[in-house]
Amino acid sequence: MGLGFRAFLQGGLTVLVARALSRNDYGVSVAVGGIAGFFSVWAGLGASLLHLRDAATAPARWQTSFAHHHGRVVLWQFPLIALSLLVAWFVTQGGVGLGTLILLVAGELLGAPMADLLVRSYQGRSRYLAMAAAMCALPILRLLLLSPLVLLYPAAIDLMHWAIVVFASGLVLAASALGLASHSRRKARHWSAYERTSVSGTAFAVSAASNRVHADADKVILARMSSMSTAAEYSLAYRVIDILLLPVNSLIEWSARAMFLHGSTGNGHALRVLWARWVAIGALSIGASAMVFLIAPLLPWIFGLQYEGATKVARWLALLPLSAACWASIRAIAVTTGRESLTAVIEGGGALLNIGLCLVLIGAFDWRGAVLATYATHFVMTVAALLAMRRTSRNAK
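Note on numbering: residues in each chain are counted from 1, in written sequence order. This being a predicted model, a pLDDT of at least 70 is required before a residue's local features are given, and a value of 80 or more before pairs of side-chain atoms are given or counted; all residues contribute to the totals for chains, interfaces and linings. Each side-chain value is worked out from all heavy atoms of the structure, with water and hydrogens disregarded.

### A short note on the layout of surface pockets
Cavities and pockets are found on a 1 Å grid laid over the protein atoms alone: a cavity is a set of points where a 1.4 Å probe fits but cannot escape, a pocket is an open set with protein on both sides within 12 Å along at least five of seven lines, and a lining residue has an atom within 4 Å of such a point. Grid points are joined across faces, edges and corners, and a volume is the space filled by probe spheres set on the points. Considered as a void within the structure, the largest pocket measures approximately 330 Å³ in volume. Lining the largest pocket we find 17 residues, and of these I35, V87, A217, V220 and I221 sit closest to its centre. Looking at the lining of the largest pocket, the elements that each hand over two or more residues are helix 2 (23-40), helix 4 (62-92), helix 8 (198-225) and helix 17 (340-365). The way it works is that DSSP assigns letters per residue, a run of H or I at least four long becomes a helix, a run of E at least two long becomes a strand, and they are numbered from the N terminus. Sort the elements by how many residues they give to the lining of the largest pocket and helix 8 lands first, with 8 residues. Its residues assigned to classes, the lining of the largest pocket comprises 13 nonpolar, 1 polar and 3 charged. Residues are grouped as follows: Ala, Val, Leu, Ile, Met, Phe, Trp, Tyr, Cys and Pro are nonpolar; Asp, Glu, Lys and Arg are charged; every other residue, Gly included, is polar.

### So, the packing of helix 2 against helix 9 (residues 228-244)
Interaxial angle, 0 to 180 degrees, is taken between N-to-C directions of lines fitted to C-alpha atoms, where a helix line uses only the stretch in contact. In the contact formed by helix 2 and helix 9, the axes pass within 7 Å of each other and the chain directions differ by 70°. For the element pair helix 2 / helix 9, the angle class is roughly perpendicular. As helix 2 packs across helix 9, the resulting crossing turns out to be left-handed. Only M228, S229, A231, A232, E233, S235 and L236 of helix 9 make contact with helix 2, whose side of the interface consists of R23, N24, Y26, G27, V28, V30 and A31. In terms of residue class, the contact of helix 2 with helix 9 is built from 8 nonpolar, 4 polar and 2 charged. The cut-offs work like this: below 35 degrees is roughly parallel, past 145 is roughly antiparallel, 65 to 115 is roughly perpendicular, and the gaps in between are oblique. Take the far helix as the reference: if the near one is turned anticlockwise from it by less than a right angle, the crossing is left-handed, and if turned clockwise, right-handed. Contact between two residues is taken to exist if any of their heavy atoms lie within 4.5 Å; hydrogens are not considered.

### Considering the packing of aromatic side chains
Two rings from Phe, Tyr or Trp (for Trp, the six-membered ring) form a pair when their centres sit within 6.5 Å of each other. Planes less than 30 degrees apart are called stacked, planes more than 60 degrees apart edge-to-face, and all others tilted. Overall, the coordinates contain 5 aromatic pairs when judged by the stated rule. Taken together, a centroid distance of 5.7 Å and an interplanar angle of 85° make the contact between W316 and W367 edge-to-face. Taken together, the positions of W316 in helix 15 (residues 310-316) and W367 in helix 18 (residues 367-396) put the pair 51 residues apart, joining distant regions of the chain. Three or more aromatic residues joined by ring pairs make a cluster, and in this case those are F38, F39 and W42. The ring of Y238 carries the charged tip of K219 above its face, separated from the ring centre by 3.6 Å. Cation placement over rings: the criterion is NZ of Lys or CZ of Arg within 6 Å of the ring centroid and within 35° of the ring normal. Taking the ring centre of F90 as reference, the NZ or CZ of R224 above it sits at 4.4 Å.

So yeah, pure geometry; function would need other evidence.
Right under this line is the structure:
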């Protein structure tokens with residue numbers, strides 16, 4: 001439910017921002033957002049998923065866990081903001097004001113990690129309505145802040161206005177998480193389990209960061225090697241696919257808690273108990289691929305005629321729901337059956353492969369190279385994970 005509302009809100013926000021900004025400015029927003037998103041998942045070194053595990057397996061200690069992992073996230077945020085700014089400045093080639101970059105980067109890195117921590121906290125305690133609210137918080141805030149500006153000054157909105165909206169929404173999420181952490185800290189006590197979380201947490205962070213590379217590296221490299229306008233069209237086609245993948249991602253996300261519980265006995269048990277969900281994921285991903293191809297001609301009408309190139313991009317990406325669903329399902333099984341380190345290795349290697357392929361193929365084929373790099377990376381990671389899981393299962397026997 002939460003993912004559904006968030007996708008709906010994020011879709012509306014994307015349409016609003018794409019129509020309000022120029023194609024070049026929207027491309028800058030996409031590139032900087034991708035960079036900040038990559039660095040944001042390193043905040044706390046997997047703190048959100050570790051907190052989900054704590055809350056699901058030891059619910060009486062959730063407050064202790066939340067206070068601990070909130071502190072880990074805060075410790076990492078500001079160094080990551082500085083690193084993100086350096087990379088964003090390089091990618092935009094100095095074409096964006098420093099103040100605008102600071103607001104965009106800081107807003108993402110203050111808001112996104114805290115929103116994720118809140119989501120995982122409620123998920124681990126089976127408070128799904130609150131989880132849905134936390135998922136939707138950032139797009140709701142941004143819609144509430146941006147909509148009046150677009151209505152009152154439709155021709156005057158530029159990248160700086162959007163950067164202010166991003167920063168303000170990030171501050172609100174950071175303040176909300178700080179309030180809950182302060183309340184939790186009063187009831188917190190030492191828990192020896194935290195002494196054993198560094199390896200798992202790093203593995204979770206590597207997996208999450210690698211996932212962001214797969215989602216955003218192609219857009220960032222397109223912005224640097226091709227143009228901001230090309231990155232904008234590519235991103236909008238990708239956004240439509242993200243929305244159509246919503247049922248698949250929702251089902252995988254909803255199953256995370258059950259997979260952690262059943263996964264302790266091995267991936268075979270998790271597959272047998274949850275077999276109906278895997279069948280549904282396959283059917284939904286095939287349907288999403290068909291829908292991408294059918295609705296591609298409507299994209300310029302939805303986002304604005306300046307994005308007419310998005311139609312061709314979307315049709316090239318039509319198989320992405322299927323390839324992404326295959327990898328996401330295998331990844332979820334591996335992570336929740338105690339193979340987070342294995343997943344981290346495969347995703348880390350996949351991320352490097354994706355970056356290398358993008359650099360080579362985008363240089364040769366422009367945005368088509370990004371599409372080919374994405375498909376190739378998903379295929380290699382899925383096959384590698386299946387083979388590795390089969391080998392570890394045999395060794396365990």
